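Given next are the chains, with one letter for each unit.
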Amino acid sequence: MKRRGFTLVELLVVVVVTATLMSCVYAMAQRLLTRARIVESSNNLRNLVIANQGYEADHGRYCPADNQFNNLRWHGRRISADGKFDPAQGLLSPYLGHSRRVSICPLFKAMVPDPQSFEAGTGGYGYNAAYIGGKPGSPWDRETKLRIPERRANVVDPGRTVMFTTTAYARSGGLQEYPYCEPPFWDFGGGPSGMRPSPSVHFRAAGKAIVAWCDGRISLENDNRGEEHGANPHGGDSMEHALGWFGREHENGAWNPRSR
């Protein structure tokens, strides 16, 4: 008895079903990979909070964001103003374990594979320099030339005050690391102004930003910026690269420990 072979229609159905299944498996694998990267990045941020809490326990204040000459920051040190940062020589380095370096966010590394994007050593994370790593108006210590940071006792509600977030900076060529998570408005010492900085909070975790609060809590936050953004002198498009702010903006919201 002669066997009947597959018809062209049947073969096409098999191909379509197989392609659909492969597409579903791939999408599921990508979602699982993204979740794993979010977990790893969240752990990196939690370790930064722990390191900063250790710094505060030793010095009575949180880690300064930088110094007056901009060659020493929380994440690294450089010899000249246009030189590369050594990521093992930052103000927070002694509290970051054996490597003395900030761990790189796997989400950011997947988006920006160019190793030059990691030369600053921030790992894709930014510090609340406006209110935790410093104070409005950026006062400097006369002897050390370091920015004067905040004391833990002055952070009324640590669970609602930002310490670190996922960050990036938009430039004409794409994304670059950025060491600070800028608040919704510049504060020059007289309270939040009406002037916007170029946003640096990066919503790269499946459309959300990963936020580390002063009490060590980690959360995923939605972008609430709308169409407003600050001027970008480097030709970057913050809307295109999912940069913005989260939470309420009155008195700079979650950035300002005195705004409740």
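Preceding block: the structure.
Throughout, a residue's number is its position along its own chain's written sequence, starting from 1. It should be noted that, the model being predicted, local features are given only for residues of pLDDT at least 70 and side-chain atom pairs only at 80 or more, the latter also being counted only at that level, while totals for whole chains, interfaces and linings use all residues. For side-chain calculations, the full set of non-hydrogen atoms in the structure is used, while hydrogens and water are omitted.

1. Section: the overall build of the chain
Step number 1: Every helix listed is a DSSP run of H or I at least four residues long, and every strand listed is a run of E at least two residues long, numbered separately from the N terminus. Counting its secondary structure elements, the chain contains 2 helices and 10 strands.
Step number 2: Counting from the amino terminus, helix and strand elements in the chain follow one another as α-β-β-α-β-β-β-β-β-β-β-β.
Step number 3: The dimensions of the chain, computed from C-alpha atoms along their principal axes, are 100 × 40 × 35 Å.
Step number 4: Any pair of residues with heavy atoms lying within 4.5 Å of one another is described as a contacting pair. Taking all contacts inside the chain whose residues are at least 6 apart in sequence as the whole, residues at least 24 apart take part in 64%.
Step number 5: Values of accessible area rely on a 1.4 Å probe in the Shrake-Rupley scheme; residue burial ignores everything except the protein chains shown. Element-wise, carbon and sulfur atoms account for 56% of the exposed surface of the chain, whose accessible area totals about 13500 Å².
Step number 6: When the 31 basic and 25 acidic side-chain charges of the chain are each reduced to a single mean position, those positions are 6 Å apart. In this tally, Lys and Arg are treated as positive and Asp and Glu as negative; His is ignored, and so are the chain termini. Charge positions come from single atoms, namely NZ of Lys, CZ of Arg, CG of Asp or CD of Glu.

2. Quick notes on unusual backbone geometry
Step number 1: For K145, which is not glycine, the phi dihedral falls at a positive 65°.
Step number 2: Checked against the element boundaries, K145 lands in the loop between strand 3 (125-127) and strand 4 (162-166).
Step number 3: K145 sits in the partly exposed class, given a relative accessible area of 31%. Exposure categories follow from relative accessible area, calculated using a 1.4 Å probe and restricted to protein chains: below 20% of the type maximum is buried, above 50% is exposed, and the middle band is partly exposed.

3. A short note on the sheet that holds strand 8 (residues 208-213)
Step number 1: Strands pair, by our definition, only if DSSP identifies at least two bridges between them. Strand order in this open sheet of 4 strands is 3-4-8-9, and the pairing throughout is antiparallel. Both edges of this open sheet fall to strand 3 and strand 9 (218-222), since each of them pairs with a single strand only. Neighbour-to-neighbour, the strand axes of the sheet open up by a mean angle of 30°, direction not taken into account.
Step number 2: The pairing of strand 4 with strand 8 spans 3 bridges and is antiparallel. Directly across from T165, in strand 8, lies its bridge partner V211. Fitting a line to C-alpha atoms yields each axis, with helices limited to the stretch in contact; the angle taken between N-to-C directions then spans 0 to 180 degrees.

4. Examining the pairing of strand 4
A regular strand carries its side chains on alternate faces of the sheet.
Step number 1: Summarising burial for strand 4: 5 of the 5 residues are buried, a large majority.
Step number 2: Bridging between strand 3 and strand 4 involves 3 bridges; their strand directions are antiparallel. Pairing of Y127 across the sheet is with F164, part of strand 4.

5. A few points about a nonpolar patch on the surface
Step number 1: Residues enter patches when their relative accessible area tops 30% and they take part in no salt bridge; the joining distance is 9 Å for like charges and 5 Å for the nonpolar side chains Val, Leu, Ile, Met, Phe, Trp and Tyr. A pair is scored as a salt bridge if a Lys or Arg side-chain nitrogen falls within 4 Å of a carboxyl oxygen belonging to Asp or Glu. A cluster of nonpolar side chains, V9, V13, V17 and L21, forms an exposed patch at the surface whose accessible area comes to about 370 Å².
Step number 2: Residue placement: V9 occurs in helix 1 (residues 8-59).
Step number 3: Residue V9 is classed as exposed on the basis of its relative accessible area of 58%.

6. With respect to the side chain of S200
Step number 1: Note on placement: S200 falls in the loop between strand 6 (174-176) and strand 7 (201-202).
Step number 2: A residue is classified by how much of its surface remains accessible, and S200, at 0% relative accessible area, is buried.
Step number 3: The residues touching S200, leaving out its near neighbours within four places in the chain, are T166, T167, A168, Y178, Y180, C181, E182, L243 and G244.

7. Describing the packing of aromatic side chains
Step number 1: Only centres within 6.5 Å qualify two rings of Phe, Tyr or Trp (six-membered ring in Trp) as a pair; their planes then separate them into stacked at under 30 degrees, edge-to-face at over 60, and tilted for everything else. In total, this model carries 8 aromatic pairs according to the counting rule given.
Step number 2: Pairing Y169 with Y178 gives two aromatic rings, centres 5.5 Å apart and planes at 20°, and the pair type is stacked.
Step number 3: Through pairs of rings, three or more aromatic residues link up here, namely W74, Y127 and F164.
Step number 4: Two thresholds decide whether a charge sits over a ring: the Lys NZ or Arg CZ must be within 6 Å of the ring centre and within 35 degrees of the ring normal. Over the aromatic face of Y180 sits the side chain of R147, whose NZ or CZ is 5.9 Å from the ring centroid.

8. Points about the pattern of salt bridges
Step number 1: The tally for this structure, following the rule as stated, stands at 4 salt bridges.
Step number 2: For R258, the salt bridge goes to E150, with nearest N and O atoms at 3.0 Å. Placement of R258 in the segment after strand 10 (243-244) and of E150 in the loop between strand 3 and strand 4 is noted, with a sequence separation of 108 residues between them.
Step number 3: One salt bridge connects E249 with R196, and the closest N-O pair in it is separated by 3.0 Å. Of this pair, E249 sits in the segment after strand 10 while R196 is found in the loop between strand 6 and strand 7, placing the two residues 53 residues apart along the sequence.
Step number 4: Judged by relative accessible area, R196 falls into the buried class, the value being 13%.

Coordinates in, geometry out; function isn't part of it.
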